[in-house]
Amino acid sequence: MARIEHIKRRLTNWALWRDRRDNHGLGFASRNMLANWMAAAGGSGSKSRESTMPVLDIEAEETDRAVQALKLGKGHLYVTLELVYLRNKGVTEAARIMQRGPSAVHAQLGQADLCIAKWLEDQARARDEQQARDKGRAWAAKRHLDGS
C-alpha cells in the first residue's frame, strides 16, 4: 500500500515533537529559535543534541491525537507507528519485533496513513460544522437584538 506523503511528513514532525516531549520539553522546543539558529550556525560554541529542524507544535499535537485514536480498534497500527517513528526501529526491525514480514509493516504504515488522514478530515469537518452552527447562532442573536 502506498504511503500518503503529507501524512508521512506529519508523522516525522510528530516523532520530533514526541522526542522533545518525552525528554522533558513538554513537546515544545526547550530552547528558543535564536539559540537553535546560533547553534546551527556554530555561533554559540556549544554542541547541541537537539535538532534545529522546526517542529510544528500545533500540527504535532493534532497528529498525536490522531495516532492515539488508533490505540482503540487499530492497536497494531499504533504499535507499528510507535516502533518505526518513536523508537526509530525501521521497517525491518519493526517486522522482526512484531513477527511479521517487512511487506506487512509497509502495508500497516499505509493503513495508518489512511486512518490518520480520515481522522484529520473528520476533525476538520466537525470544526467547520461547529463554526457554521456558531455563526448561525451569532446571526440569530444579532437579529433578535436588532428586533427583526
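Everything discussed here concerns the structure shown above.
Starting from 1, residues in each chain are numbered consecutively following that chain's sequence as written. Local features in a predicted model are, by the rule used here, given only for residues with pLDDT of at least 70; side-chain atom pairs are given and counted only at 80 or more, and totals for whole chains, interfaces and linings are based on all residues. Hydrogens are left out, water is left out, and the side-chain values use all remaining heavy atoms of the structure.

Overview of the overall build of the protein
A tally of helices and strands in the protein yields 6 helices and 0 strands. For the exposure calls, accessible area comes from a 1.4 Å probe over protein chains only, and a residue counts as buried if that area is under 20% of its type's maximum, exposed if over 50%, partly exposed in between. Counting all 148 residues of the protein, 30% fall into the buried class. Only heavy atoms enter the contact rule, under which two residues are in contact if any of them lie within 4.5 Å. For the protein, the proportion of contacts with a sequence separation of at least 24, taken over those separated by at least 6, is 66%. Shrake-Rupley sampling with a 1.4 Å probe provides the accessible areas, and residues are treated as covered by the protein chains on show and by no other component. Entry remark: accessible area of the protein is about 9800 Å², with carbon and sulfur atoms responsible for 55%. Starting at the N terminus, helices and strands are each numbered in turn, a helix being any DSSP run of H or I of at least four residues and a strand any DSSP run of E of at least two.

Observations concerning the pattern of salt bridges
A carboxyl oxygen of Asp or Glu within 4 Å of a side-chain nitrogen of Lys or Arg is what we treat as a salt bridge. One pass over the structure, following the stated rule, counts 15 salt bridges. In this structure, Arg 137 and Asp 134 form a salt bridge, with 3.0 Å as the shortest nitrogen-oxygen distance. You can see Arg 137 and its partner Asp 134 sitting in helix H6 (residues 102–146), 3 residues apart, about one turn around the helix. The exposure class assigned to Asp 134 is partly exposed, which follows from its relative accessible area of 37%.

Describing helix H5 (residues 90–98)
Every buried residue of H5 is accounted for by Val 91, Ala 94, Ala 95 and Met 98. The arc enclosing the buried residues of H5, seen along the axis, measures out at 105°, which places them on a common side. Along H5, exposed side chains directed more than 90 degrees from the buried face belong to Thr 92 and Arg 96. Phi turns positive one or two residues past the end of H5, at Gln 99, with a value near 55°. This arc is taken over the directions from the axis of the helix to the C-beta atoms.

Considering the nonpolar core
With 26 residues, the main nonpolar core has Leu 11, Leu 81, Tyr 85 and Ile 116 as its most contacted residues. Of all the secondary-structure elements, those providing two or more residues to this core are helix H1 (5–25), helix H3 (57–69), helix H4 (75–86), H5 and H6. The leading source of residues in this core is H6, at 7 residues. Other than its neighbours up to four places away in sequence, Leu 81 contacts Leu 11, Trp 14, Val 67, Leu 70, Leu 86, Leu 109, Ala 112 and Ile 116. The definition of a nonpolar core used throughout is a set of buried Ala, Val, Leu, Ile, Met, Phe, Trp, Tyr and Cys residues joined through side-chain atoms within 4.5 Å.

Overview of unusual backbone geometry
Located in the positive-phi region is Asn 88, a residue other than glycine, with phi close to 55°. Considering the arrangement of structural elements, one finds Asn 88 in the loop between H4 and H5. Of note, Gln 99 is a non-glycine position whose phi angle comes to about 55°, a positive value. When you line up the elements, Gln 99 lands in the loop between H5 and H6. With a relative accessible area of 74%, Gln 99 lands in the exposed category.

Concerning the side chain of Thr 63
When you line up the elements, Thr 63 lands in helix H3. Here Arg 10 takes part through its side chain, which lies 3.0 Å from a polar atom of the side chain of Thr 63. Sequence-distant contacts of Thr 63, that is, excluding residues within four places in its chain, are made with Arg 10, Leu 11 and Trp 14. Between N or O atoms, a polar contact is any pair within 3.5 Å; within protein, one atom must be a potential hydrogen donor and the other a potential acceptor, and residues adjacent in sequence are included only when both atoms are from side chains.

Function cannot be read off these values alone, since they describe shape.
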